[in-house]
Amino acid sequence: MNRVRRAVSDEDIARCYPVLHQLRPDLEPGQLVPAVRRMEPHGFCLVYLEDAGLVRAVAGYRITEMFRTGAMLEIDDLVTDAAARSTGCGRALFAWLLAEARTHGCRVVELDSAVHREEAHRFYSREGMHVLGYHFSLAVSPEASGP
């Protein structure tokens, strides 16, 4: 039976790594728990869908507010294990995220998805999401500190 759980303990977070790594291949195993712990004070939550004792899908999200949207649930990461795709796990986790948004009075749910992830785009479209615009990015280097 599918069950969505919050990854609260370090062990819970670490269990999410094999699935999350499929979306974030540059993420090293030892980086996940510290990264989640650094993001949590800024509202980040990690949840996972478990079925038959296995993590089948993972999502990272935060509740935020913007002038454009009002209260919003922003999905940072949403991935289903390759072996569990097209089994309803992603859809169940997405439905949980929508319920979470409603619980927190959010008016919208948004996410960014890389342009090459066409399979994910089809999933989001089937779930009723639409393309809103472009997301622009510019890498900046931290300023060098003085001597």
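What comes next concerns the included structure.

Here is what the cut-offs are and how they apply
Residues numbered from 1 in each chain as written. Predicted model: local features only at pLDDT ≥ 70, side-chain atom pairs only at ≥ 80, totals over all residues. Heavy atoms only, no water. Helix = DSSP H or I, 4+ residues; strand = E, 2+ residues; numbered from the N terminus. Buried < 20%, exposed > 50% of the residue type's maximum accessible area, 1.4 Å probe, protein only. Contact = heavy atoms within 4.5 Å. Polar contact = N/O pair within 3.5 Å; in protein donor to acceptor, adjacent residues only side chain to side chain. Pairing = 2+ DSSP bridges. Salt bridge = Lys/Arg side-chain N within 4 Å of Asp/Glu carboxyl O.

**Points about the environment of Arg-24**
Along the chain, the position of Arg-24 falls in the loop between α2 (17–23) and α3 (32–39). A residue is classified by how much of its surface remains accessible, and Arg-24, at 38% relative accessible area, is partly exposed. Not counting the four nearest positions on each side in its chain, Arg-24 is found in contact with Asp-76 and Asp-77. Of the polar contacts made by the side chain of Arg-24, one reaches the side chain of Asp-77; its length is 2.6 Å.

**Topic: the side chain of Arg-56**
Position of Arg-56 among the secondary structure elements: in strand β3 (residues 54–66). Arg-56 has contacts with Val-19, Leu-49, Asp-51, Val-79, Thr-80, Asp-81, Ala-84 and Cys-89, leaving out every residue within four places of it along the chain.

**Observations concerning the pairing of β3**
In this sheet, β3 lies alongside strand β2 (residues 45–51) in antiparallel orientation, the contact comprising seven bridges. Considered in β3, the bridge of Tyr-48 is made with Val-58. Between β2 and β3, which pair antiparallel and follow one another directly, the connecting turn spans two residues, one of which, Ala-52, has a positive phi of 55°. Of the strand pairs in this sheet, β3 and strand β4 (residues 70–80) are connected by ten bridges, and their pairing is antiparallel. Pairing of Met-66 across the sheet is with Gly-70, part of β4. Count of turn residues in the β3/β4 antiparallel hairpin: three residues.

**Some points on the pattern of salt bridges**
Enumeration over the complete set of coordinates arrives at nine salt bridges. Salt-bridge contacts for Arg-5 lead to Glu-50; the nearest nitrogen and oxygen are separated by 2.9 Å. One end of the pair, Arg-5, is in strand β1 (residues 3–6); the other, Glu-50, is in strand β2, and 45 residues separate them in sequence. Its relative accessible area of 29% is what places Arg-5 among the partly exposed residues.

**Concerning unusual backbone geometry**
Here Ala-52, not a glycine, exhibits a phi torsion of approximately 55°, which is positive. Locating Ala-52 in the fold gives a position in the loop between β2 and β3. Assessed through its relative accessible area of 65%, Ala-52 is described here as exposed. Of note in the backbone geometry, Ser-86 takes a positive phi value of approximately 65° without being a glycine. Here Ser-86 shows up in the loop between β4 and α4 (89–103).

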